[in-house]
Amino acid sequence: MPTTSAQIRAAAFRTLDAQPDVQSAINAMGFLQADPMRAPARAQDLTLMQRVPGYRAGDLEKWYPTLDAEEEMLPNYGFVPRSVQALLHPREVGQLKIEQHAPGLLAEVLAFVRASEGGEVHPREVQQAFGSARVGNAWGGQSSASTRALDGLHYQGRLRVTRRASGVRLYGPAPHLDAVRESPQPDSERARRVVHLLARLYGPLPQASLGYLLSLCGYGLPHLKTELRAALKQAVSEELAGATVDSVKYVWAADTVLDAPSPSGVRLIGPFDPLIWDRRRFAHLQGWTYRLEAYTPPAKRVLGYYALPLFWNEKAVGWANLKVEKGELQSQLSFVPGVRQTAALKKGIAAELERYRAFLGLKS
């Protein structure tokens, strides 16, 4: 029988399968996208609260030093287990811009961090030691040269993020990557495993979307662009499962169960969650266009600053903008045309908002 859109929707919801703890969730996903905006919480916290029962905003930052997890860049910035980090290194890059602006600074900062007491440094300590000279950053602004040096060393795998203090990254040596640099996995195998990781995490998804995800890996795997294209071609033709649904070519991991039970209940999903990350799939399966409008001028917003899609069973029936004011959760709900606001739907929304209050540490 031909694959249906209902099967694709149900299979996509498998990403929300409950996990016993944060480590299990990170292991199952392989990559957890991070984003600093809080509306009402950071992206990584919104993603984990949908998978780890009892999760509270900030738990990842609190537990990070004890986890098998590293802050890294894959298609975007986020968290990966060390087994996935090993696929990203050695990261062969040309001369970093900070090396052009401040020759020798990277080596000096690396030596400073390695010699520090306690095994980690705050960027403020490095700035005090090397001065407050400023250089251009990737966002068109200005950053401390010493901070850019820390970022560059982290990108090269010479340093790691040990933890965060009030949201600021603290850095320390990354000796676990020395062995990876000495005996790296073959480039073709690294590329193949990244393709399969992303297909499993975001699948089932349109083949075009998987190609787009791999194009975003140009910063995480800058020297494996050719290998990634070859791995994608091989995976699509020989390794991944797939089908054309409503003229859209979908692919997914070969062991994905398409005949999964349909989800039930109400969920408010964060904009970077794997369930809705692919806007192409969302539009096809849900019948309307979702977008993150945080960077859209207020007068041009349609959904709101940080709209969270509202799912009722397997269908996205609307969206909500949430914010905390004076210790209380404020919610602005909107629905797509034709949605009947039944008593069951209203009850489900109330329960989901109550779950968000617990997640944010607010009073019931």
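Residues numbered from 1 in each chain as written. Predicted model: local features only at pLDDT ≥ 70, side-chain atom pairs only at ≥ 80, totals over all residues. Heavy atoms only, no water.

S.K.: Please explain the layout of surface pockets as it appears in this structure.
M.R.: Using a probe with the size of a water molecule, rolled over the atoms, empty space left in the structure can be pinpointed. As a volume, the second largest pocket reaches approximately 390 Å³. If you go around the second largest pocket, you meet 18 residues; those closest to its centre are Arg-14, Thr-15, Asp-17, Ala-28 and Arg-200. Elements represented by at least two residues in the lining of the second largest pocket include exactly helix 1 (5-12), helix 2 (22-29) and helix 11 (187-202). (1 Å grid on protein atoms, 1.4 Å probe; cavity = no way out; pocket = protein on both sides within 12 Å on 5 of 7 lines; lining within 4 Å. Points joined across faces, edges and corners; volume = space filled by probe spheres on them. Helix = DSSP H or I, 4+ residues; strand = E, 2+ residues; numbered from the N terminus.)

S.K.: Looking at this structure, I do not really get the pairing of strand 7 (residues 168-173). What am I missing?
M.R.: Regular strands have side chains that alternate between both faces of the sheet. Where strand 6 (residues 159-165) meets strand 7, six bridges bridge the pair, whose relative direction is antiparallel. In the strand pairing of strand 7, Ala-165 is matched with Val-168. Where strand 6 folds back on strand 7, the antiparallel hairpin that results is connected by two residues, among which Ser-166 adopts a positive phi of roughly 55°. (Pairing = 2+ DSSP bridges.)

S.K.: So what exactly am I meant to see when it comes to empty space enclosed by the protein here?
M.R.: Evaluation of the coordinates by the stated rule reveals one cavity of 30 Å³ or more. Roughly 80 Å³ of internal volume is contained in the largest cavity. Arg-9, Ala-12, Phe-13, Leu-275, Arg-281, Phe-282, Leu-285, Gln-286, Phe-311 and Glu-314 together form the lining of the largest cavity. Elements with a contribution of two residues or more to the lining of the largest cavity: helix 1 and helix 14 (279-286). The element best represented in the lining of the largest cavity is helix 14, accounting for four residues. Split by residue class, the lining of the largest cavity holds six nonpolar, one polar and three charged. (Nonpolar A, V, L, I, M, F, W, Y, C, P; charged D, E, K, R; others polar.)

S.K.: Before we go on, may I ask you to explain the sheet that holds strand 12 (residues 308-312) in this structure?
M.R.: Two orientations exist for strands paired in a sheet by backbone hydrogen bonds: parallel and antiparallel. Judged by pairing direction, the sheet is antiparallel, and its four strands sit side by side in the order 11-12-13-14 without closing on themselves. Strands with a single pairing partner mark the edges of an open sheet, and in this sheet they are strand 11 (266-268) and strand 14 (328-335). The average angle at which neighbouring strand axes cross in this sheet is 30°, direction not considered. Pairing between strand 12 and strand 13 (residues 315-325): five bridges, direction antiparallel. Paired with Trp-312 across the strands is Lys-315, a residue of strand 13. (Axes fitted to C-alpha atoms, helices over the stretch in contact; angles between N-to-C directions.)

S.K.: Even after reading the chapter, I still don't get the packing of aromatic side chains, so can you show me in this structure?
M.R.: Aromatic rings considered in pairs are described by the distance between their centres and by the relative angle of their planes. Per the counting criterion, the structure on display carries 13 aromatic pairs. Taking 5.3 Å as the distance between ring centres and 50° as the angle between the ring planes, the aromatic pair formed by Tyr-202 and Trp-277 counts as tilted. Highlighted residues: Tyr-202 in helix 11 and Trp-277 in the loop between strand 11 and helix 14, separated in sequence by 75 residues. Every member of this aromatic cluster is reached through a ring pair, and the members are Phe-13, Phe-282, Trp-288, Tyr-290, Phe-311 and Trp-319. (Phe/Tyr/Trp six-rings, centres within 6.5 Å; stacked < 30°, edge-to-face > 60°.)

S.K.: Can you walk me through the nonpolar core in this structure?
M.R.: For soluble globular proteins, the rule of thumb is that nonpolar side chains tend to be buried together. Leu-60, Val-194, Leu-198, Leu-210 and Tyr-356 are the most contacted members of the largest nonpolar core, which has 84 residues in total. Among the elements that make up this core, the one with the highest residue count is helix 11 (eight residues). Ignoring any residue separated from it by four or fewer positions in sequence, one finds Tyr-356 in contact with Pro-40, Leu-46, Met-49, Gln-50, Leu-268, Ile-269, Leu-308, Leu-322 and Leu-329. (Core = buried A, V, L, I, M, F, W, Y, C linked by side-chain atoms within 4.5 Å. Buried < 20%, exposed > 50% of the residue type's maximum accessible area, 1.4 Å probe, protein only. Contact = heavy atoms within 4.5 Å.)

S.K.: What exactly am I supposed to notice about unusual backbone geometry here?
M.R.: Excluding glycine, a negative phi dihedral is what most residues carry, and trans is how most peptide bonds are arranged. Across the junction of Ala-39 and Pro-40, the peptide omega takes the value 10°, indicating a cis bond. Relative to the helices and strands, Pro-40 resides in the loop between strand 1 (32-33) and helix 3 (43-49). In this model, Gly-203 is joined to Pro-204 through a cis peptide bond whose omega is -10°. Among the structural elements, Pro-204 can be located in the loop between helix 11 and strand 8 (205-206). Of note, Asp-246 is a non-glycine position whose phi angle comes to about 55°, a positive value. Tracing the backbone through its elements, the reader meets Asp-246 in the loop between strand 9 (241-245) and strand 10 (248-252).

S.K.: I'm lost on the packing of helix 11 against helix 12 (residues 207-215) in this one. Help?
M.R.: How two helices sit against one another is set out by the angle between their axes and by the gap between those axes. Interaxial distance between helix 11 and helix 12 falls to 10 Å at its minimum, and their mutual angle equals 125°. One finds that helix 11 runs oblique with respect to helix 12. The chirality of how helix 11 crosses helix 12 is right-handed. Packed against helix 11, whose contacting residues are Val-194, Val-195, Leu-198, Ala-199 and Tyr-202, the element helix 12 presents Leu-210, Leu-213 and Leu-214 at the interface. Grouping the amino acids of the contact of helix 11 with helix 12 by side-chain chemistry returns eight nonpolar, no polar and no charged. (Parallel < 35°, antiparallel > 145°, perpendicular 65-115°, else oblique. Left-handed = near helix turned anticlockwise from the far one by under 90°.)

S.K.: Can you walk me through the environment of Asp-246 in this structure?
M.R.: Judged by relative accessible area, Asp-246 falls into the exposed class, the value being 55%. Expressed as a C-alpha distance, the spacing of Asp-246 and Thr-162, which sit 84 residues apart in the sequence, is 47 Å. Look past the residues within four positions of Asp-246 in its chain and what remains in contact with it is Ser-5 and His-284.

S.K.: Hey, could you run me through the sheet that holds strand 3 (residues 77-80) in this one?
M.R.: Across the sheet, three strands lie side by side as 1-3-2; this open sheet has antiparallel pairing. Lying at the two open borders of the sheet, with one neighbouring strand each, are strand 1 and strand 2 (70-73). Pairing analysis gives four bridges linking strand 2 to strand 3, with the strands arranged antiparallel. Residue pairing in the sheet places Glu-70 in a bridge with Val-80 of strand 3.

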